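Inside the fold
Listed here are the chains, written in short residue letters.
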Amino acid sequence: MNFYPFNDIETISPRPMLFISGDQAHSREFSEDAYRRAAEPKELVWVKGAGHVDLHDRVDLTPFERLKGFLDQHLAV
């Protein structure tokens, strides 16, 4: 089965979307493509020196402050 989840990404909007990717990730082009297709509000965060798997395994690379800021801004009660 061939499924490309970004083909219908515009159906998610106008919900906020935060993309976090390593700037050395082999999957970088997918993050760039998804970000281009997404509507506002959106944010793309590049983690310097991180590869794809690094963001799964190395918690020290996770940009928690950016994540918290995005969630605080867009999930305000």
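Computed from a predicted model, the values in this text were never measured in an experiment.

A few points about the confidence of the model for the chain
Mean pLDDT for the chain: 90, with 97% of residues reaching 70 or above. Between the elements of the chain, mean pLDDT differs from a low of 90, seen in helix 2 (residues 54–57), to a high of 96, seen in strand 2 (residues 42–47).

What to know about the nonpolar core
Ranked by size, the top nonpolar core spans six residues in total: Ile9, Met17, Phe19, Ala34, Ala38 and Leu44. If we ignore the near neighbours within four places in the chain, the residues touching leucine 44 are Phe19, Ser31 and Tyr35.

Considerations on helix 1 (residues 28–37)
All of the buried residues in helix 1 are Ser31, Asp33 and Ala34. Each buried residue of helix 1 sits inside an arc of 165° when the element is viewed along its axis, so together they form one side. Exposed positions of helix 1 whose direction lies more than 90 degrees from the buried face are Glu29 and Arg36.

What counts and what doesn't
The written sequence of each chain sets the order in which its residues are numbered from 1. In keeping with the predicted nature of the model, local features appear solely for residues at pLDDT of at least 70, side-chain atom pairs appear and are counted solely at 80 or more, and the whole-chain, interface and lining totals rest on all residues. Calculation of side-chain values draws on the structure's entire complement of heavy atoms; hydrogens and water are dropped beforehand. Values of pLDDT, which run from 0 to 100, indicate the predictor's confidence residue by residue. Put simply, DSSP H or I for four residues or longer makes a helix, DSSP E for two residues or longer makes a strand, and each gets a number counted from the N terminus. Here, nonpolar core refers to any group of buried Ala, Val, Leu, Ile, Met, Phe, Trp, Tyr and Cys residues whose side-chain atoms link them within 4.5 Å. Each residue is placed in one exposure class: buried if its accessible area under a 1.4 Å probe, protein chains only, is under 20% of its type's maximum, exposed if it is over 50%, and partly exposed if it falls in between. The contact criterion used throughout is that any non-hydrogen atoms of two residues lie within 4.5 Å. As used here, the arc belongs to the directions running from the helix axis to the C-beta atoms.

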